[in-house]
Amino acid sequence: MVDELGVAVVGFGWMGRVHTQAYARLPHHYPRLPLRPRLVTVAEEVPGRAEEAAERFGFASVTRDWREVAADPRVRAVSVTAPNFLHREIGVAMAEAGKHIWIEKPVGLTAEDARAVADAVAGAGVQGAVGFNYRNAPAVEAARDLIADGGIGAVTHARVRLFSDYAAHPDSALTWRYERERGGSGVLGDLASHGADLARFLLGEIVSLTADTAVFVPLRARPAGATAGHTLASGGAPGPVENEDYVSCLLRFASGARGVLEACRVSVGEQNGYGFEVHGTKGAVFWDFRRMNEFGVSRGTTYQDQPVSTVYVGPGAGEFAAFQPGAANAMGYDDLKVIEAYRFVRSIAEGRPYGATPTDAVRAAAVLDAMARSAQQRSWVDVAGG
């Protein structure tokens, strides 16, 4: 027997839509899941946006005030896809109201914010999931298993990169993303948070680091009205970009391995250039998000001139079998969010966490805080709790 799970989405920009579609697809990919999401309500303060979401996706009701969601007895689970500066307030309130939460990274602006949400989830005894979607790629999970099993020997060093051009246009509107108070640390929270999570997911805790940051587009035009995504705006009054466009960082892991993490939101010529390279004493593993369903592996005892093989993931890797019947059939970005939704709902059904949790968000945020502190001090710093 399948029970209904009343869900709400708070904040209906692009990511709110992605979460909504993921809920709708769960019965198709995971028909044995004992809970079936029902779209109860959507909260969005931009006039007309919630109504449009309800008409398009079938939410039973709409509101412009997310506090009504916290008080709604029909809602058992909430997707928090509002802007970063609202994550802490909304996440804590929903957890304290007894709602399970699926919250987008970086879960606030600081490690303190993420910790407040994690504490609220733990204190209320609800389940919490966090939108670190790249760890859900079957190829990434297969690479992690290979590393953990010693397939490339002891890890010596790694590189994680996240390059994108979404903010490269000089006419990109000066939205909340570029403000310190509402957007936090810029590319650190937006992209490097994924990098910190991937590094931890693959290699364990980061204990110390040194970082450098920069702003390459210092002025942007203020938008004339409500924005969504990365809107262009020309002709408006210019304002200063207050947070980082770029970060580079040297990492030291608890294992003794070394790493490099680099992220940039203004990389002309790069579209979602996300990936990693992990090197060990007997081999290496390589993954590029733009070729999401494959990874490169070099292993053996040749050492010099050792070849790299391409592995196409199939039903034995991660959640691949829920989407495709055989290796090399492509999966896409939205499928990663369906996996995330599945693990969130499964957590609720079974009363134990699956996938990335608010605790993972706290650890990633501690890395980001250390990056910001290091860049300001121009020195090596320890990662809190690392």
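Residues numbered from 1 in each chain as written. Predicted model: local features only at pLDDT ≥ 70, side-chain atom pairs only at ≥ 80, totals over all residues. Heavy atoms only, no water.

Trainee: Can you walk me through the overall build of the protein in this structure?
Mentor: When you go through the protein residue by residue, the secondary structure sums to ten helices and 17 strands. A compact globule built from 386 residues would reach a C-alpha radius of gyration of about 21 Å, and the protein, at 21 Å, matches this within 12%. By its C-alpha atoms, the protein is 65 × 55 × 40 Å across when sized along the principal axes. Considering the protein as a whole, with its 386 residues, one finds that 56% of them fall into the buried category. (Helix = DSSP H or I, 4+ residues; strand = E, 2+ residues; numbered from the N terminus. Rg over C-alpha atoms; globule rule 2.2 N^0.38 Å. Buried < 20%, exposed > 50% of the residue type's maximum accessible area, 1.4 Å probe, protein only.)

Trainee: It is not clear to me how the packing of aromatic side chains should be interpreted in this structure. Could you clarify?
Mentor: Aromatic ring pairs are defined here through the distance separating the ring centres and the angle between the ring planes. Taken as a whole and judged by the stated rule, the model has 16 aromatic pairs. Pairing Y30 with Y342 gives two aromatic rings, centres 3.8 Å apart and planes at 5°, and the pair type is stacked. Note that Y30 is positioned in the loop between α1 (14-29) and β2 (35-43) and Y342 in helix α9 (residues 333-350), a separation of 312 residues in sequence. With relative accessibility at 8%, the residue Y30 sits in the buried group. Assessed through its relative accessible area of 12%, Y342 is described here as buried. Ring-pair connections join several aromatic residues into one group, and the members of that group are W14, Y134, Y274, F276, W287, F289 and Y333. Across the ring face of Y354, the terminal group of R346 is positioned such that the distance to the ring centre comes to 3.9 Å. (Phe/Tyr/Trp six-rings, centres within 6.5 Å; stacked < 30°, edge-to-face > 60°. Lys NZ or Arg CZ within 6 Å of the ring centre and 35° of its normal.)

Trainee: Help me understand the sheet that holds strand β5 (residues 100-103) in this model?
Mentor: Neighbouring strands of a sheet are bound in pairs by backbone hydrogen bonds; such pairs are parallel or else antiparallel. Strands sit in the order β3-β2-β1-β4-β5-β6 across an open sheet of six strands; the sheet is parallel. Sheet topology places β3 (61-63) and β6 (128-130) at the edges, where each strand pairs with a single neighbour. Averaged over all pairs of adjacent strands, the angle between strand axes in this sheet comes to 25°, irrespective of strand direction. As paired elements, strand β4 (residues 77-80) and β5 share four bridges and run parallel to each other. (Pairing = 2+ DSSP bridges. Axes fitted to C-alpha atoms, helices over the stretch in contact; angles between N-to-C directions.)

Trainee: I tried to follow the sheet that holds strand β16 (residues 309-312) on my own but got confused; where do I start?
Mentor: The mixed open sheet is built from nine strands, whose spatial order is β16-β15-β14-β13-β7-β12-β11-β8-β17. Each edge of the sheet is formed by a strand with only one pairing partner; in this case those strands are β16 and β17 (381-382). Bridge count for strand β7 (residues 155-163) against strand β13 (residues 273-280) is eight bridges, and the pairing is antiparallel. Note on β13: the bridge partner recorded for R159 is E277. Each of β7, β8 (206-214), β11 (246-253), β12 (258-264) and β13 is contacted by helix α8 (residues 187-203), which is oriented at about 155° to β12, the strand it contacts most. (Contact = heavy atoms within 4.5 Å.)

Trainee: In this structure, what is going on with the environment of Y178? I would like to understand it.
Mentor: As for its placement among the helices and strands, Y178 is situated in the loop between β7 and α7 (180-183). Sequence-wise, Y178 and R220 are 42 residues apart; in three dimensions their C-alpha atoms are separated by 9.0 Å. When near neighbours in sequence (up to four residues on either side) are disregarded, Y178 contacts A167, S172, A173, R220, P240, V241, E242, N243 and R265.

Trainee: When you look at the packing of helix α4 (residues 87-96) against helix α5 (residues 111-124) in this model, what are you seeing that I'm missing?
Mentor: A packed helix pair is summarised by two numbers, namely the angle formed by the two axes and the spacing between the axes. In the contact formed by α4 and α5, the axes pass within 8 Å of each other and the chain directions differ by 5°. Relative to α5, the element α4 is oriented roughly parallel. Of the residues in α5, those in contact with H87, R88, G91, V92 and A95 of α4 are E112, D113, A116, V117, A120, V121 and A124. When the residues that make up the contact of α4 with α5 are grouped by side-chain class, the tally is seven nonpolar, two polar and three charged. (Parallel < 35°, antiparallel > 145°, perpendicular 65-115°, else oblique. Nonpolar A, V, L, I, M, F, W, Y, C, P; charged D, E, K, R; others polar.)

Trainee: Sorry, what's going on with the pattern of salt bridges here?
Mentor: Any two side chains of opposite charge can pair, so long as their charged atoms come close to each other. Summed over the entire model, instances satisfying the criterion amount to 29 salt bridges. Residue R74 pairs with D72 through a salt bridge whose shortest N-O separation is 2.7 Å. On the accessibility criterion, D72 (11% relative accessible area) is buried. Measuring nitrogen to oxygen at the nearest pair gives 3.9 Å for the salt bridge that ties R177 to D190. Of this pair, R177 sits in the loop between β7 and α7 while D190 sits in helix α8; the two residues are 13 residues apart in sequence, bridging distant segments of the chain. (Salt bridge = Lys/Arg side-chain N within 4 Å of Asp/Glu carboxyl O.)

Trainee: Any chance you could explain the environment of R76 here in plain terms?
Mentor: With respect to the helices and strands, R76 occurs in the loop between α3 (67-70) and β4. Look at R76 and you get partly exposed, because its relative accessible area is 35%. Considering only alpha carbons, one finds R76 and A263, 187 residues apart in sequence, at a separation of 36 Å. Filtering out sequence-adjacent residues up to four positions away, R76 remains in contact with E4, L5, G6, L35, G98, K99, H100 and I348.

Trainee: Looking at this structure, I do not really get the pairing of strand β1 (residues 3-10). What am I missing?
Mentor: Two faces, one strand: in a regular strand the side chains alternate between the faces of the sheet. β1 sits mainly inside the fold: six of its eight residues count as buried. Across eight bridges, β1 lies against β2 in parallel orientation. Along β2, the bridge assignment pairs A8 with T41. Each parallel crossover has a hand, and for β1 linked through α1 to β2 it is right-handed. Inspection of the sheet shows β1 paired to β4 by four bridges, in the parallel sense. Bridge pairing in β4 links V7 to A77. (Right-handed = clockwise from strand over helix to strand, strands pointing away.)

Trainee: How should I be thinking about the side chain of E319 in this particular structure?
Mentor: When you line up the elements, E319 lands in the loop between β16 and α9. A polar contact is formed between the side chain of E319 and the side chain of Y30, at a distance of 3.0 Å. Other than its neighbours up to four places away in sequence, E319 contacts Y30, P138, E141, I339, Y342 and R343. (Polar contact = N/O pair within 3.5 Å; in protein donor to acceptor, adjacent residues only side chain to side chain.)

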